[in-house]
Amino acid sequence: MRDRAGPAGAAVTVAEPERPAFDAIVVGAGPAGSAAALELARAGRSVALIERGPFPGSKNVYGGVVYGRVLDELIPGWYERMPVQRWITRRQTMLLSGERSMTVDFRCQSWGRAPYNGATAYRAEFDNWLTEHAQKEGALLVPSTVVTAVLRTAEGRVVGVRTDRPDGDLTARVVIACDGVNSFVAKQAGLYPEGQAEHTTLGVKETLALPKETIDERFGVSGDDGVDIEILGGTQGVPGGAFLYTNRDTLSVGLVLGLPGLAGQGRRPEEILAELKRHPSIAPLVRGAELVEYSAHLIPEGGYHSMPRLVGDGLLVAGDAAAMCLAAGIWLEGVNFALGSGMYAGRAAARALAAGDLRRLRDYRSLLESSFVLADHKKLRKAPGLVLSERVQHRYPGLVCDLVEGVFTVDNPKPKPGIRRLLRRSARSNGVRMRELARDALTGLRSFG
Amino acid sequence: MGELLVVVALRWADGRARVDPLTGEVETDPRGAGAGEADRCALEHGLRIAGAAGGRCVAVTVAPPQAEEMLRDALACGADAVLRVDVPEWDPRLADSGSGTAQALAQAVRAEFGEPGLVLTGDHSADRGTGSTPAFLAARFGYAQALGLVELAYADGALTAVRRLDRGRRERLAVPLPAVCSVEPAGVRLRRAGLPATLAARTADVPTVPGAVAGEPVTVHAARPYRPRAKELPPPPEPDPRLRLLRLTGAHEQRDPPRVVVTDDPGEAADELLGYLKAKGYLA
């Protein structure tokens, strides 16, 4: 029998427990886990929330935006109490090509007022805050405890987990796997398909300290307002993207890099990040900042087609464990999908427990399908492939920058060229056929439209 | 002699406090705070000694409510009881010599548990790190003290300890009880609490008594990296690199052989130390 965690670990076969210790065990106290535990505890169910770190969020790597609309249902009035760094009121999409950049900049001041849209947050604060809600409702947080194996009956029903603590077996009627990307629990339960590496990216992030006034000045914001910059083309040819977010007195700047592409190039992610920070469009924003943290984490970006089976016998999978991260170019969202999937997993488990019929765990999938969680993923199922395609990654940033450069370069005494001619010329110089451009535009329209 | 009461005094501190690179302010995070490694070793020693002596091990701290997690961990590891001495308006920047903490601890322990047979602590806390609290505790209780220990063992009613000396030597001590001992973060590692005990401790009540620690807030006026002053050191004159190395390390210098002085009289011991310091030119 193997006791260690990891994909090589195996589920442990046990006898059907006569009296399970808990109604439910939730593995992982991230947004999905805490949302699931909160729903179960509210329904009056005994629930253990097992967290490998010393406190929720302590093991997390995150540099993104929390879109809290789903919290309206989970924690009404959340925006009055949630630990926020800055409310995002300015959103930019930036294309980088060589030393050039083209940015679409959108500002919306109403996003900085209730009921708000999205915010940057430190996950150590956010996750802890969310878990406290679950604890107040009666969930039992068990920190510093690693789940090493799934306990299954001979018939294959999941009836608990084994932890790394002495006498570490814990039984329950339902287990909800919210143990993040590369979920060992879901893998041991046989819910994951092979070939996850190609659907997984590596996120690396630097947290850079700057005085708040400097951030306000450089990014053109004030008060609690913040900026979200999503970047395409700053990854030195590795499929992926880059990002820059403002916190109160730090910046989160980082990359998301496709694993096969990164391995193929044999480059170190920190080298690529250093290149990004040297870009003429990024360097003035981060100049003089003090590095306070460097971190890295895997991200499940494959979308709808790479998701595992979400329901097993006695087991539900939610959050990053279920590959619920939406990486669809203009939309980069994860925490809201984790919150939503965790909430519906908790709700489905509570209903199944109340009915005394674990077959009703299958309702989880229908709850997800009738909500934004699977509806968005299904609609945007082709987007990750398009965004990470060779053309979007390598050729289109150059095409756009060539086109814009041609439009704004004053080349007197020559007359101004027509846009169509410039487009053809830019497409040709970047190896893009007009037919491919039209096809990708159609795919994008179908995905995003 | 009755049941041995072993009190382990834990310091609640953020072991990963950071200094803001821009302002020099010390930033602590109560979520990541807990017992330092030396205190965790002290708890393990306490659990072992109480187990060997058939006594009780209790864990105490002077700290704000967030420290209850640390005490719950102690319960899960096997402590028989815990106690938190509550400090109103806790400010981690308060500088206490250790005297105030020792006074608050001694008062609370006596009131709640009676006179302890052995008080254990880590040798230095992770934040202040002066290592003075154990000595103040010994003074408060009026006990013998053995500080900075690397080994501690209890057998047949006797407590023995090992302390680190200069030049890699070790000092073996027979510690009379009752005593206050502080231990280095070495030799033992705090046991991993079992899951049933962890679950039980998660919902356990942590008894709290009021206390007060006088202290002065520390203000950071300026922060800069520590740069020791350069000291001019001419190279030894020997042409052979090996001989230069030996000269630099002082390996071939003539030294007085160590002398062991055994005396029960504190006055004689003090005279011996003063005589040695005079002979070496440290005292006129």
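Residues numbered from 1 in each chain as written. Chains lettered and ligands numbered in written order. Predicted model: local features only at pLDDT ≥ 70, side-chain atom pairs only at ≥ 80, totals over all residues. Heavy atoms only, no water.

### Considerations on the overall build of chain A
Selection criterion: Strands are runs of DSSP state E lasting at least 2 residues, helices are runs of H or I lasting at least 4, and numbering of each runs from the N terminus. Atoms counted for the radius of gyration: C-alpha only. Globule rule: 2.2 Å times residue count to the power 0.38. Whether a residue is buried, partly exposed or exposed follows from its accessible area with a 1.4 Å probe, protein chains only, as a fraction of its type maximum: under 20%, in between, or over 50%, in that order. Methods summary: accessible areas were calculated by the Shrake-Rupley approach with a probe of 1.4 Å, and residue burial reflects only the protein chains presented. Charged residues are defined narrowly, with Lys and Arg counted positive, Asp and Glu counted negative, and His plus the chain ends left uncounted. Note that the charge is assigned to NZ on lysines, CZ on arginines, CG on aspartates and CD on glutamates.
A count of helices and strands for chain A gives 15 helices and 20 strands. In terms of C-alpha radius of gyration, chain A reaches 23 Å, essentially the compact-globule figure of 22 Å for 449 residues. Considering only C-alpha atoms, chain A reaches an extent of 90 × 45 × 40 Å along its principal axes. Expressed as a percentage of the 449 residues in chain A, the buried residues total 55%. For chain A, the exposed surface amounts to about 19,100 Å²; the carbon and sulfur share of it is 50%. Charge-centre separation for chain A: the mean point of 56 positive side chains lies 7 Å from the mean point of 50 negative side chains.

### Examining the overall build of chain B
This is how the line gets drawn: Contact definition: two residues touch when any of their heavy atoms are within 4.5 Å.
Each helix and strand in chain B was counted, giving seven helices and 15 strands. Overall, chain B is about 70 × 55 × 40 Å in size when its C-alpha atoms are taken along their principal axes. By residue count, 38% of the 284 residues in chain B fall in the buried class. Expressed as a percentage of contacts within chain B between residues at least 6 apart in sequence, the contacts between residues at least 24 apart total 70%. As presented, chain B carries roughly 16,800 Å² of accessible surface, and 52% of it is formed by carbon and sulfur atoms. Side-chain charges of chain B comprise 34 positive and 38 negative groups, with the mean position of each set lying 7 Å from the other.

### Comments concerning a negative patch on the surface
Residues and elements named next belong to chain B. Rules: Residues form patches when they are more than 30% accessible in relative terms and have no salt bridge. Like charges link within 9 Å. Nonpolar side chains (Val, Leu, Ile, Met, Phe, Trp, Tyr) link within 5 Å. Note on definitions: salt bridges are taken to be side-chain nitrogens of Lys or Arg within 4 Å of carboxyl oxygens of Asp or Glu.
Residues D264, D265, E268 and D271 make up a contiguous surface patch of negative charge. On the secondary structure map, D265 appears in the loop between α6 (241–249) and α7 (266–279). The exposure class assigned to D265 is partly exposed, which follows from its relative accessible area of 37%.

### Observations regarding the interface of chain B and chain A
For clarity, the cut-off: The term buried area means the drop in 1.4 Å probe accessible area that two parts suffer when joined, counted for both and summed. Each polar contact in these results corresponds to two N or O atoms within 3.5 Å; when the atoms are within protein, one needs to be able to donate a hydrogen and the other to accept it, and residues that are neighboring in sequence are counted only if both atoms are side-chain atoms. Ten residue types, Ala, Val, Leu, Ile, Met, Phe, Trp, Tyr, Cys and Pro, are classed as nonpolar, four, Asp, Glu, Lys and Arg, as charged, and the remainder, Gly among them, as polar.
Between chain B and chain A, the residue contacts involve 14 residues of the former and 25 residues of the latter. In total, chain B and chain A occlude about 1,600 Å² of area from one another, counting both sides; carbon and sulfur atoms represent 65% of this. Three residues stand out in chain B for area buried against chain A, namely R31, R192 and L195 of chain B, and they jointly supply 43% of the buried area on that side. Across the contact surface, chain B and chain A share one salt bridge. Among the ionic pairs, D164 of chain A bridges to R192 of chain B, the shortest N-O distance being 2.8 Å. Linking chain B with chain A are six residue pairs in polar contact (both at pLDDT 80 or more), by the criterion used here. With five residues, the top contributor of residues to the side of chain B that touches chain A is helix α5 (residues 195–202) of chain B. Of the residues belonging to the side of chain B that touches chain A, the class tally is six nonpolar, four polar and four charged.

### Regarding the domain arrangement of chain A
All names here are of chain A. Under the convention used in this document: All domain edges in this entry derive from an automatic or database-based domain assignment.
Structurally, chain A comprises domain 1 (12–85 + 121–192 + 308–379), domain 2 (198–300) and domain 3 (389–448). The C-alpha-based centres of domain 2 and domain 3 are spaced at 26 Å. Here domain 2 packs against domain 3, burying approximately 370 Å² in sum over the two surfaces, 56% of which is carbon and sulfur. In this structure, the connection of domain 2 to domain 3 is made through zero salt bridges. Scanning the region where domain 2 abuts domain 3 turns up two residue pairs in polar contact (both at pLDDT 80 or more).

### Describing the side chain of E68 of chain B
Tracing the backbone shows E68 of chain B in helix α2 (residues 68–77). Apart from residues lying up to four places away in sequence, E68 of chain B is in contact with R84, V206 and T208 of chain B.

### Some points on the packing of aromatic side chains
Residue and element names in this part refer to chain A. For clarity, the cut-off: Between 30 and 60 degrees the pair is tilted, below 30 it is stacked and above 60 it is edge-to-face, where a pair is any two Phe, Tyr or Trp rings, Trp via its six-membered ring, whose centres lie within 6.5 Å.
What the rule picks out here adds up to nine aromatic pairs over all chains. On the basis of an interplanar angle of 65° and a centroid distance of 5.5 Å, the ring pair of F106 and W111 is categorised as edge-to-face. One aromatic cluster in this structure is built from W78, Y79, W87 and Y116.

### Things to note about the packing of helix α13 (residues 390–408) of chain A against helix α15 (residues 434–448) of chain A
All names here are of chain A. To be explicit about the condition: For every element, the axis is a line fit to its C-alpha atoms; helices are fit only across the contacting stretch, and the angle between N-to-C directions ranges from 0 to 180 degrees. Here the angle decides the label: under 35 degrees means roughly parallel, over 145 means roughly antiparallel, 65 to 115 means roughly perpendicular, and every other value means oblique. Crossings are assigned a handedness: left-handed for a near helix turned anticlockwise from the far helix by less than a right angle, right-handed for a clockwise turn.
The N-to-C vectors of α13 and α15 enclose an angle of 120°; their axes lie 12 Å apart at closest approach. By the angle between their directions, the pair α13 and α15 is classed as oblique. Judged by the twist between their axes, the crossing of α13 over α15 is left-handed. Along the contact surface, α13 presents R391, R395 and Y396, while α15 presents E436, L437, R439 and D440.

### Some thoughts on α15 of chain A
All names here are of chain A. Worth spelling out the cut-off: Working rule for helices: expected span equals 1.5 Å times residues minus one. Note that the arc is computed from the directions linking the helix axis to the C-beta atoms.
Under the 1.5 Å per step criterion, the end-to-end length of α15 is 20 Å for 15 residues, consistent within 8% with the ideal 21 Å. Among the residues making up α15, those that are buried are E436, D440, G444 and S447. Angular distribution of buried residues about the axis of α15 spans 70°; they occupy a single face of the element. Turned more than 90 degrees away from the buried face of α15 sit R435, L445 and R446, all of them exposed.

### Comments concerning the nonpolar core
Applicable threshold: In this description, a nonpolar core means a group of buried Ala, Val, Leu, Ile, Met, Phe, Trp, Tyr and Cys residues linked to one another through side-chain atoms lying within 4.5 Å.
Ranked by size, the top nonpolar core spans 90 residues in total, and within it L71, F126, I176 and Y364 of chain A carry the most contacts. At twelve residues, the largest contribution of residues to this core is made by helix α9 (residues 335–355) of chain A. A79, Y154, A179 and V188 of chain B belong to the second-largest nonpolar core, a separate cluster that totals 41 residues.

### Things to note about the environment of N336 of chain A
Note on placement: N336 of chain A falls in helix α9. Distance from N336 of chain A to A114 of chain A, taken between C-alpha atoms, is 18 Å for residues 222 residues apart in sequence.

### A few points about the side chain of T200 of chain A
Residue and element names in this part refer to chain A. Along the chain, T200 turns up in strand β12 (residues 200–209). Taking relative accessible area as the criterion, T200 reaches 8% and is therefore assigned buried. Engagement of the side chain of T200 in a polar contact is seen with the backbone oxygen of Q196, the distance being 2.7 Å. Residue contacts for T200: discarding those within four places in its chain leaves V181, G258, L259, L298 and I299.

### Quick look at the state of the cysteines
Selection criterion: A pair of sulfur atoms, both from cysteines and within 2.5 Å, is called a disulfide here.
In this structure the tally under the stated criterion is zero disulfides over all chains. Of all cysteine sulfurs in the structure, the one in C77 of chain B sits closest to C41 of chain B, which takes part in no disulfide; the separation is 12 Å.

### Examining a positive patch on the surface
All names here are of chain A. Judged by side-chain charge, R420, R421, R424, R425 and R428 come together as a positively charged surface patch. Take R424: it is sitting in helix α14 (residues 419–429). Of the residues examined, R424 reaches a relative accessible area of 46% and is grouped as partly exposed.

### Side note on the pairing of strand β13 (residues 179–183) of chain B
Residues and elements named next belong to chain B. The condition is simple: Pairing between strands is defined by DSSP: at least two bridges between the two strands are required.
Most of β13 sits inside the fold, with five of its five residues counted as buried. Across five bridges, the pairing between strand β9 (residues 118–122) and β13 is parallel. Residue pairing across strands places G122 opposite V183, the latter belonging to β13. Where strand β10 (residues 144–155) lies against β13, four bridges are found, and the strand directions are parallel. Within the sheet, the bridge partner assigned to A144 lies in β13 and is A179.

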